[in-house]
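Understanding the architecture of this molecule
One letter stands for each residue in the lines below.
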Amino acid sequence: MDNISAIIVAGGKGSRFSATQKKQFITLRNKEILAYSIEAFHKIAAISEIIVVCAPEDIDYVRNNICAKYSLDKVTKVIAGGKERQDSVYNALQVTTCEYVLIHDGVRPFITPQNILKAIETMLTKGSCVLGVPVKDTIKKCNPNTAEVLETVDRTMLYSIQTPQCFKTELIFHAHKYAKQSNICLTDDSALAELCGHKVFIVEGSYDNIKITTAEDLAVAENILQRRTLDS
């Protein structure tokens, strides 16, 4: 099976990140966060192409300073994203010819090939899946106006969702197309699939598969890299 595309979404502006450089291009141990993310998918033999979606002004940088620099020759396209993440994914879905697609956040640099392979296996048998980890904290539902606790939610049924999110391309393309035509904007691809009546299954991922969103996350990222270095 080698008809799988990986879409890496790297168009974030870093509005919650107190740095002059976009977070996907910040280096961890002299390697860009985005490069770590792409490399994990590059190692998977079943993935035949990688599409990187970024801001128009970053296309040349990604091609020259990420893909060429690290010999990431499975990156067949670096394309411009849209106003929202959903628009960026939709742009990429329109240019892939693969039967299956994995959609991943470019600022999740610690996704492992092992978890990608688990997700692919589930996708091929069930059609759609997402990586996720069980919620550790107690979750309370509150009144948004008064902050009064309404109930304590049973966390045994709750997962924190990660990427990649994996689908038959036709399925998720039509879900995105429907959302665009209906002016529906969601931050999660699987939510669009669910909206269109498709079943989505969870594959247990890793708590290391963090999304680097704030400056504080960089300290966590350094600790993960340190631990992985010691374990290798």
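First, a word on what this report is: a plain description of the structure on this page. Because the structure is a prediction, the values reported are computed rather than measured. Every chain is numbered on its own, with residues counted from 1 as its sequence reads. With the structure being a predicted model, the display of local features is reserved for residues of pLDDT at least 70 and the display and counting of side-chain atom pairs for 80 or more, all residues being used for whole-chain, interface and lining totals. The side-chain figures draw on all heavy atoms in the structure; neither hydrogens nor water molecules are used.

**Here's the deal with the sheet that holds strand S6 (residues 100–105)**
Selection criterion: Two strands qualify as a pair provided DSSP detects at least 2 bridges between them. Here a helix means four or more residues in a row that DSSP labels H or I, a strand means two or more in a row labelled E, and each is numbered from the N terminus. With axes taken as lines fitted to C-alpha atoms, and helix axes fitted only over the stretch in contact, angles between N-to-C directions fall between 0 and 180 degrees. A contact between two residues is defined here by any heavy atoms of the two lying within 4.5 Å.
Taken together, 7 strands build an open sheet; the order of strands is S5-S4-S1-S6-S10-S7-S11 and the sheet is mixed. Strands at the two margins of the open sheet, each flanked by one partner only, are strand S5 (75–80) and strand S11 (201–204). The mean angle between the axes of side-by-side strands here comes to 25°, regardless of whether they run parallel or antiparallel. In the sheet, strand S1 (residues 4–10) pairs with strand S4 (residues 47–54) via 7 bridges, with the strands oriented parallel. Considered in S4, the bridge of Ile 7 is made with Ile 51. Strands in contact with helix H1 (residues 33–42) are S1, S4, S5, S6 and strand S10 (159–168); relative to S4, the strand with the most contacts, it is inclined by about 160°. Helix H3 (residues 85–93) contacts S1, S4, S5, S6 and S10 of the sheet and is inclined by roughly 150° relative to S1.

**Regarding the pairing of S5**
Our working rule: Orient the strands so they point away from the viewer, and a crossover whose first-strand-to-second-strand path over the helix runs clockwise is right-handed.
Here 5 bridges tie S4 to S5, and the two strands are oriented parallel to one another. Note on S5: the bridge partner recorded for Ile 50 is Val 75. Handedness of the crossover is the feature at issue here: the chain leaves S4, passes through helix H2 (residues 59–67), returns alongside S5, and the resulting connection is right-handed.

**Quick notes on the layout of surface pockets**
Heads up, the condition is: Using a 1 Å grid laid over the protein atoms alone, points where a 1.4 Å probe fits but cannot get out form a cavity; open sets with protein on both sides within 12 Å along at least 5 of 7 lines form a pocket; any residue with an atom within 4 Å of a point counts as lining. Grid points are joined across faces, edges and corners, and a volume is the space filled by probe spheres set on the points. Residues are sorted three ways: Asp, Glu, Lys and Arg are charged, Ala, Val, Leu, Ile, Met, Phe, Trp, Tyr, Cys and Pro are nonpolar, and all the rest, Gly among them, are polar.
Space inside the second largest pocket adds up to approximately 230 Å³. Lining the second largest pocket, in full, are Lys 31, Tyr 36, Glu 39, Ala 40, Lys 43, Pro 109, Phe 110, Ile 111, Thr 112, Pro 113, Leu 225 and Arg 228. Looking at the lining of the second largest pocket, the elements that each hand over two or more residues are H1 and helix H7 (216–231). Here the lining of the second largest pocket takes 3 residues from H1, the largest share from any one element. Residues belonging to the lining of the second largest pocket are distributed by class as follows: 7 nonpolar, 1 polar and 4 charged.

**Structural notes on the pattern of salt bridges**
Inclusion rule: The rule for a salt bridge is simple: a side-chain nitrogen of Lys or Arg has to be within 4 Å of a carboxyl oxygen of Asp or Glu. Per-residue accessibility, obtained with a 1.4 Å probe over protein chains only, is compared with the maximum for each type, and a residue is labelled buried under 20%, exposed over 50%, and partly exposed between these values.
Scanning all chains against the criterion turns up 11 salt bridges. Lys 31 is paired through a salt bridge with Glu 39; the nearest N and O atoms lie 2.9 Å apart. On the basis of relative accessibility, which here comes to 18%, the residue Glu 39 falls in the buried class. By sharing partners, the salt bridges in this structure join Arg 85, Asp 105, Arg 108 and Asp 189 into a single network.

**Some thoughts on the nonpolar core**
One broad trend across soluble globular proteins is that nonpolar side chains are buried collectively. The line we're drawing: Buried Ala, Val, Leu, Ile, Met, Phe, Trp, Tyr and Cys residues that are joined via side-chain atoms within 4.5 Å together make up what is termed a nonpolar core.
Of all hydrophobic cores here, the largest spans 35 residues; its most connected members are Phe 41, Ile 47 and Val 52. Among the secondary structure elements, those contributing two or more residues to this core are S1, H1, S4, H2, S5, S6, helix H4 (113–126) and strand S7 (128–134). At 5 residues, H1 tops the list of elements feeding residues into this core. Contacts of Phe 41, omitting those with residues within four sequence positions, involve Ala 6, Ile 8, Ile 47, Ile 50, Leu 102, His 104, Ile 111, Ile 116 and Pro 164.

**What to know about a nonpolar patch on the surface**
What counts, and what does not: Here the term patch refers to residues with relative accessible area over 30% and no salt bridge, with like charges joined within 9 Å and nonpolar side chains (Val, Leu, Ile, Met, Phe, Trp, Tyr) within 5 Å. All accessibility values rest on the Shrake-Rupley procedure with a 1.4 Å probe; residue burial counts only the protein chains present in the view.
A contiguous nonpolar patch, built from Tyr 159, Ile 161 and Ile 202 and spanning about 230 Å² of accessible area, is present on the exposed surface. Relative to the helices and strands, Ile 202 is located in strand S11. For Ile 202, a relative accessible area of 40% puts it in the partly exposed group.

The values reported here are purely geometric and, on their own, carry no functional implication.
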